[in-house]
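If you want the building blocks of each chain, they are given just below.
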Amino acid sequence: MNSTRFWTKLGLYGALITAWIATMGSLYFSEVTGFTPCTLCWYQRILMYPLAGLITLGILRRDHHLPHLVLPFSLLGQGFSVYHFLLQKTPYFGSPSSCGIGVTCSTVWIDWFGIVTIPLLAMVGFMAITTGMLLVIATDTRAAGNVGSYQWPRWPAPLIVLVAIGLYLTGAARAGNIQVSLPEVVIPFVSELPILGLSSDPTATPDPTATPTSLENGASLYSQACASCHGANGIGAEGLGTALANSPQITNLTESEMFAIIRDGRAADAPNNRTGIAMPPSGGQPDLTDEQIVDIILYIQSLQ
Ligand code: HEC
């Protein structure tokens, strides 16, 4: 009997802890670290955030239907995060080209150990919640129709919620950077969609030192990796990325300084950050080679 109680509690509080860590962690990434969520991130947030509240209330109300309310959310969320992860890490779901202005879903903000990206964290979270709920279904004596059975303890729920919120606030205070930035309404510049073959770009005057192929290569890499934030032809996009065309910032940078910025990105709280918005390392495309970045630099220089 006591061992079934153990598994029920593990399932319940494990799922609760996971939902709160995922919610607070995702808010930390967007509000403190300054990573801009893409569309697929938003779908996963829409499915994860309610679970934090739902599981808390389900435990407080000792509602033994809880797993059946949670599973549709966690399974669907799992589907989205698996798809999102494969999109970032495998070539099987189309090229990482930008479909307009806005952060593309293949943009990689974190890449710990070359494998741990934000969708992977979400996937682990949704899976842990699903497993926890299945564990509750399998071991909860009340759910098995055993009337008069084990009552779930309530007290861990508020404690877990407080600890999660406390951790978030401590982290944010240490980073000294709680940005309350409302999402910008980004108007897609339909006429400016990045169809950037150099020939179709009348504003670009080729750099005489650049060979045409590397410039063209740079232009097409730019449209895949950078245009989603910096706009077609480097015109910039409000709330996403600065203008790179005709920019005094760019003309003041040497090629190697520019290389370093592109490779390392720029955290929202970096001392030299000018906008308070973060840029991911390599523009969120960790696979870009040094040569490809040099081609992109040639292209950006041609826009001055
Ligand atoms: C997810 C959005 C995003 C993507 C993708 C992105 N950038 Fe940025 N980038 C930014 C932001 C935001 C800044 C401004 C940071 C600041 O305020 O200092 C920036 C700054 C820069 C700067 C410094 C110039 C300046 O205005 O301060 C360069 C150069 C640059 N980006 C190049 C690139 C290149 C090349 C790519 C593609 C490989 C790229 N970026 C992809 C968001 C992005």
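Heads up: the structure comes first, above all this text.
Enquirer: Sorry if this is basic, but what is going on with the overall build of the protein chain here?
Expert: A count of helices and strands for the protein chain gives ten helices and zero strands. Helices (α) and strands (β) of the protein chain occur, in sequence order from the N terminus, as α-α-α-α-α-α-α-α-α-α. Counting only contacts in the protein chain whose residues sit at least 6 apart along the sequence, the fraction spanning at least 24 positions is 74%.

Enquirer: Whenever I open this one, the packing of aromatic side chains confuses me. Can you help?
Expert: The relative placement of two aromatic rings is captured by the distance of their centres and the angle of their planes. Counted by the stated rule, this structure contains seven aromatic pairs. Aromatic side chains Phe-6 and Trp-7 sit 5.1 Å apart centroid to centroid with 75° between the ring planes, which places their arrangement in the edge-to-face category. Residue Phe-6 is classed as partly exposed on the basis of its relative accessible area, which comes to 45%. Trp-7 gets classed as partly exposed once you look at its relative accessible area, which sits at 40%. Centre to centre, the rings of Tyr-43 and Phe-80 are 5.3 Å apart; their planes meet at 40°, and the pair counts as tilted. With Tyr-43 in helix α2 (residues 39–60) and Phe-80 in helix α3 (residues 66–89), this residue pair connects regions lying 37 residues apart in the sequence. In textbook terms, an aromatic cluster arises when at least three aromatic residues are bridged by ring pairs, as seen for Phe-29, Phe-35, Trp-109 and Trp-112. Its guanidinium or amino end placed over the ring of Trp-42, Arg-45 lies 4.7 Å from that ring's centre, counting from NZ or CZ.

Enquirer: Can you walk me through helix α5 (residues 156–175) in this structure?
Expert: An α-helix turns once every 3.6 residues. As a result, residues three or four positions apart point the same way. The terminal C-alpha atoms of α5, which comprises 20 residues, lie 28 Å apart, in line with the 28 Å expected from a rise of 1.5 Å per residue. Where α5 is concerned, the buried positions are Pro-156, Ala-157, Ile-160, Val-161, Ala-164, Tyr-168, Gly-171 and Ala-172. Summarising the axial view, the buried residues of α5 lie within an arc of 145°, below the 170-degree limit, and thus occupy one face. Facing away from the buried side of α5, by more than 90 degrees, are the exposed residues Leu-162, Ala-173 and Arg-174.

Enquirer: Where do I start with the nonpolar core in this structure?
Expert: Within soluble globular proteins, side chains that are nonpolar generally end up buried alongside one another. One finds Ile-55, Ile-59, Leu-66, Ile-129 and Trp-152 to be the most contacted residues of the largest nonpolar core, which totals 30 residues. For this core, the secondary structure elements donating two or more residues are α1 (2–32), α2, α3, α4 (118–139) and α5. It is α1 that provides the largest number of residues to this core, a total of eight residues. Contacts of Ile-59, omitting those with residues within four sequence positions, involve Leu-12, Tyr-13, Leu-16, Leu-66, Trp-152, Pro-153, Arg-154 and Ala-157. If you look at the next biggest cluster of nonpolar residues, it comprises 19 residues, including Leu-221, Ala-245, Ile-296 and Ile-300.

Thresholds applied
Residues numbered from 1 in each chain as written. Predicted model: local features only at pLDDT ≥ 70, side-chain atom pairs only at ≥ 80, totals over all residues. Heavy atoms only, no water. Helix = DSSP H or I, 4+ residues; strand = E, 2+ residues; numbered from the N terminus. Contact = heavy atoms within 4.5 Å. Phe/Tyr/Trp six-rings, centres within 6.5 Å; stacked < 30°, edge-to-face > 60°. Buried < 20%, exposed > 50% of the residue type's maximum accessible area, 1.4 Å probe, protein only. Lys NZ or Arg CZ within 6 Å of the ring centre and 35° of its normal. Expected span 1.5 Å × (residues − 1). Arc of directions from axis to C-beta. Core = buried A, V, L, I, M, F, W, Y, C linked by side-chain atoms within 4.5 Å.

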